[in-house]
Amino acid sequence: MSAHVLVVEDDPDVRETTALLLTQAGFHVRTAVDGIDGLSVAAVWDPDVAVVDVNMPGRDGLSLTRHLRQHGICPVIVLTARDRREDELAGFDAGADDYITKPFDGAVLVARVQAVLRRAGDGAQHEEESALTPVPGLQLEPQLLGATWRGVHARLTQVEYTLLALLAENPGMVLDRRRILTSVWGESGQGDGHVVDVNVARVRRKLGRDVIRTEHGLGYRVGAP
């Protein structure tokens, strides 16, 4: 069954173009004209992923993204004309799983949506697994996207969990940004090395700075070398 994609965009031309691109790629698509409308559609339609514009009247895209992620409704790809680094970081800080700047290539958008859905599907395959303890002090809960590090528990986004689990599955091994990008974001994420740094920082804020170790000039690791 084709995935359901919700497109939330106030510009009618961009909204219609984005919806057409995704429909031609085989997705079931519904649209919303702003953040408030997006919440209403998401509540009754249960999308698999949302493509959300940042600049919208009523309720902006970052606020909508926070709501969708905090309530576990669906992964979010932020779509925006803002291309400054701080704007991109704000999108990820709000819980976005990916970030695309306008104007965008249709093939890239489809690839990003497919990558987000693939990550979400990989997580769903582990729903019946019990808690995992890959390294001392760290417990992973695949079915809840949760993690506990030395007594501190937190719920993670799909991207945060996938990144942490990747490192934990290779205890003590240093993984460079390119390896992490390819494993977590797929080919569509290559070239966005700072995205790894942003999500590492988010995991650290939730669980503690020492949950993921930095090996300067090399990459990141979890557990003793």
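Because the structure is predicted, anything quoted here is derived from the model rather than measured.

**What to know about the confidence of the model for the chain**
On average, residues of the chain carry a pLDDT of 86, and 92% of them reach 70 or more. In this model residues 126-130 is a low-confidence stretch, pLDDT under 50, and it forms 6 contacts with partners more than four residues away in sequence or in other chains.

**Concerning the sheet that holds strand β8 (residues 146-149)**
Spatially, 4 strands are ordered β6-β7-β8-β9 in an open sheet, and the strand pairing comes out antiparallel. Where the open sheet ends on each side, the last strands, each with one partner, are β6 (132-135) and β9 (152-155). Averaged over all pairs of adjacent strands, the angle between their axes in this sheet comes to 25°, without regard to strand direction. Set on the sheet, helix α6 (residues 158-168) makes contact with β6, β7 (138-141) and β8; between it and β7 the angle comes to about 130°. Strands β8 and β9 of the sheet are contacted by helix α8 (residues 193-207), whose axis makes an angle of about 130° with β9.

**So, the environment of Ser2**
Mapped onto the elements, Ser2 comes out in the segment before β1 (4-8). Taking the C-alpha atoms as reference points, Ser2 and Asp48, separated by 46 residues in sequence, lie 9.7 Å from one another. With sequence-adjacent residues up to four places away left out, Ser2 is seen in contact with Gly26, Phe27 and His28. A polar atom in the side chain of Ser2 sits 2.8 Å from the backbone oxygen of Gly26.

**Comments concerning helix α3 (residues 61-70)**
Of the residues making up α3, those classed as buried are Gly61, Leu62, Leu64, Thr65, Leu68 and Arg69. Viewed end-on, α3 has its buried residues packed into an arc of 155°, placing them on one side of the element. Among the structural elements, β1, α2 (35-45), β3 (49-53), β4 (76-80), α4 (85-93) and α6 are those in contact with the buried residues of α3. Its side-chain oxygen at 3.3 Å from the backbone nitrogen of Leu62, Asp60 defines the N-terminal cap of α3. Once α3 finishes, Gly72 follows within two positions and takes phi at roughly 60°, a positive value.

**Examining the pattern of salt bridges**
Pairs can form between side chains of opposite charge whenever their charged atoms are close. Evaluation of the coordinates by the stated rule reveals 10 salt bridges. Across the pair Asp53 and Lys102 runs a salt bridge whose closest N-O atoms are separated by 3.1 Å. With Asp53 in strand β3 and Lys102 in the loop between β5 (98-101) and α5 (106-124), this pair connects stretches of sequence that are 49 residues apart. In this structure Asp53 comes out as buried when scored by relative accessible area, which is 4%. Its salt-bridge partner being Asp93, residue Arg205 comes within 2.4 Å of it at the nearest N-O pair. Note that Arg205 is positioned in helix α8 and Asp93 in helix α4, a separation of 112 residues in sequence.

**Let's talk about unusual backbone geometry**
For the bond running from Lys102 to Pro103, omega is -10°, close enough to zero to count as cis. Summarising the element assignment, Pro103 is placed in the loop between β5 and α5. Not every positive phi belongs to a glycine, and Asp46 is a case in point at roughly 55°. Among the structural elements, Asp46 can be located in the loop between α2 and β3. We classify Asp46 as exposed; its relative accessible area is 53%. One non-glycine residue with positive phi stands out, namely Arg150, at about 50°. When you line up the elements, Arg150 lands in the loop between β8 and β9.

The rules behind each value
- Residues numbered from 1 in each chain as written.
- Predicted model: local features only at pLDDT ≥ 70, side-chain atom pairs only at ≥ 80, totals over all residues.
- Heavy atoms only, no water.
- pLDDT = per-residue confidence, 0-100.
- Contact = heavy atoms within 4.5 Å.
- Pairing = 2+ DSSP bridges.
- Helix = DSSP H or I, 4+ residues; strand = E, 2+ residues; numbered from the N terminus.
- Axes fitted to C-alpha atoms, helices over the stretch in contact; angles between N-to-C directions.
- Polar contact = N/O pair within 3.5 Å; in protein donor to acceptor, adjacent residues only side chain to side chain.
- Buried < 20%, exposed > 50% of the residue type's maximum accessible area, 1.4 Å probe, protein only.
- Arc of directions from axis to C-beta.
- Salt bridge = Lys/Arg side-chain N within 4 Å of Asp/Glu carboxyl O.

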